[in-house]
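Reading the structure
Letter by letter, the chains look like this.
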Amino acid sequence: MNRKFLLLLLLFTLSFQASRANQLSPTARISLLTCEPGNEIYSYFGHTALRVHDPGKKIDLVFNYGVFSFDAPNFVYRFAKGETDYMLAVQYFSDFMQEYIYYKRSVYEQEINLTPDERQHLFDLLVKNAKPENRVYRYNFFFDNCATRIRDRVEEVLNNKIIWAKEKEKPVTFRDLLDRYVPGNTWSGLGIKLALGVPADKNITYYQKMFLPDYVSKDFGEAKVPRDSVDVPLCLPRTTIYEAPPKKFKAELWSPVNIILALFVLVLVITVWQYRKKKAGIWLDFIIYLAFGVAGLVLAFLTFVSTHPATGWNLNLIWALPTHFLFAFVLLVKPLRNKLKGYHWFTAGLLVLFLVSMPLLPQTFHWLVIPLSLILLLRSGKHVLEDIRLRKNK
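Throughout what follows, the structure given in this document is the object of discussion. Computed from a prediction, not measured in an experiment: that's the story for all the values here. (Residues numbered from 1 in each chain as written. Predicted model: local features only at pLDDT ≥ 70, side-chain atom pairs only at ≥ 80, totals over all residues. Heavy atoms only, no water.)

Glancing now at the overall build of the chain. The number of helices and strands found in the chain is 14 helices and 9 strands. Rg of the C-alpha trace for the chain: 27 Å, well past the compact-globule value of 21 Å for 394 residues, more than 25% over. Principal-axis analysis of the C-alpha atoms places the extent of the chain at approximately 95 × 45 × 35 Å. Of all 394 residues assigned to the chain, the portion counted as buried reaches 49%. Residue pairs at least 24 apart in sequence account for 77% of intrachain contacts in the chain once pairs closer than 6 positions are excluded. A total of about 20,800 Å² of accessible surface is found on the chain, and carbon and sulfur atoms cover 63% of it. Here the chain contributes 49 positively and 34 negatively charged side chains, and the mean placements of these two sets differ by 13 Å. (Helix = DSSP H or I, 4+ residues; strand = E, 2+ residues; numbered from the N terminus. Rg over C-alpha atoms; globule rule 2.2 N^0.38 Å. Buried < 20%, exposed > 50% of the residue type's maximum accessible area, 1.4 Å probe, protein only. Contact = heavy atoms within 4.5 Å. Areas by Shrake-Rupley, 256 points an atom, 1.4 Å probe, with all protein chains shown as cover. Lys, Arg positive; Asp, Glu negative; His and termini not counted. Charge placed at Lys NZ, Arg CZ, Asp CG, Glu CD.)

And the structure:
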């Protein structure tokens, strides 16, 4: 978190302690800022903020509900568990824009059609939210984030009288929307898609889509608000503050597609050779079962411990069983190895059943799950075939 944010927030809060010191002038305007997605995992989905611009009072501030600190204790663990705290910070508009220009992320503005009293009410509400005792909130990616907080504040000021446009798209799920933003051929993107469980495949409402900044911008632009028995647009037409240059696509040699498909081919060749030569290949089994077991432990944590609403009941646990982690170490103990051959049979059977039934399951899977499952099936299937061959020779 930038220390300048905190210093400005402190000064800003102290400067508005007087009862009418925060009175906006007639020239004040409040607008919605929408920033396009970035390359970092926390910026994949874009960003939303509110700008308060009052030339008469020389105010040009951005109220930003999307500030967090990587330095917070146990940040990664708390983020995975769904216990991340975000805060409302106040920035000078010029500082806000410098960041997005530096990272080459376009910024768009929509002035919200508010009366002077409504602008004042919204500004007072933002000032109150920015106080130290109010600024921190428990972040929830789908239901309480930088985009939904701004929507909720505007609705509160307008007494929930916003008339949202009717749904025009066919029904979509959280997963459908995330797929439009998360790059599938990056390791972070693959991790996000594997982490989503059955809840992510449920159809969502028009209103729920506004967890994404682009949908807040779109829906604010199409919404209306009643004024003297006439419905008027909630926002003025969107304008461009900064247009970033087109992004260039870079093919990554170490992308998930290249690595996983290469591993599949490598494991296939080694497994066929070992089966024909009657080689055990215990260390390869250990590495693969261990890797799948670690993945299973992570998915199990997200499914059964985390409070993230979309990571529950993750059917990727069928192929990434947490028990693979323990079995990997059992394989290294020779006296136990032959006593647990049934685990290979169980794993192979479960993987075959999973691959055959994938289209019927209530969860959408990343296509790389297929070669991943086949990698483990090659190793477990090899042991099954060896067991069958041994029994025939007896």
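Two measures define how a pair of helices packs: the angle their axes make with one another and the distance between the axes. With their axes 9 Å apart at the nearest point, helix α4 (residues 116-129) and helix α5 (residues 146-157) run at an angle of 135° to one another. One way to sum up the angle between α4 and α5 is to call them oblique. The way α4 lies across α5 gives a crossing that is right-handed. Mapping the contact onto sequence places Glu 118, His 121, Leu 122, Leu 125 and Asn 129 in α4 and Arg 153, Val 154, Glu 156 and Val 157 in α5. Within the contact of α4 with α5, the residues separate by chemical class into 4 nonpolar, 2 polar and 3 charged. (Axes fitted to C-alpha atoms, helices over the stretch in contact; angles between N-to-C directions. Parallel < 35°, antiparallel > 145°, perpendicular 65-115°, else oblique. Left-handed = near helix turned anticlockwise from the far one by under 90°. Nonpolar A, V, L, I, M, F, W, Y, C, P; charged D, E, K, R; others polar.)

The next thing to look at is the side chain of Asp 285. Its place among the elements puts Asp 285 in helix α10 (residues 282-304). A polar side-chain atom of Asp 285 sits 2.5 Å from a polar atom in the side chain of His 383. Contacts of Asp 285, omitting those with residues within four sequence positions, involve Ala 280, Leu 331, Arg 379 and His 383. (Polar contact = N/O pair within 3.5 Å; in protein donor to acceptor, adjacent residues only side chain to side chain.)

Turning our attention to the sheet that holds strand β3 (residues 59-67). Taken in spatial order, the 7 strands make up an open sheet running β6-β4-β3-β2-β1-β5-β9, and their pairing is antiparallel. Since the sheet does not close on itself, it has two edges, and those belong to β6 (136-138) and β9 (239-242), each with one partner. Adjacent strand axes in the sheet meet at a mean angle of 30°, parallel and antiparallel pairs treated alike. Strand direction decides the pairing type here: strand β2 (residues 47-54) and β3, joined by 5 bridges, are antiparallel. Each bridged residue has a counterpart across the sheet, and for His 53 the counterpart in β3 is Asp 60. (Pairing = 2+ DSSP bridges.)

All of the buried residues along helix α11 (residues 323-330) are His 324, Phe 327 and Ala 328. What you see down the axis of α11 is that its buried residues fit within an arc of 110°, all on one side. Where the residues of α11 are buried, they touch α10, α13 (341-357) and α14 (369-393). (Arc of directions from axis to C-beta.)

These figures capture arrangement, not role.
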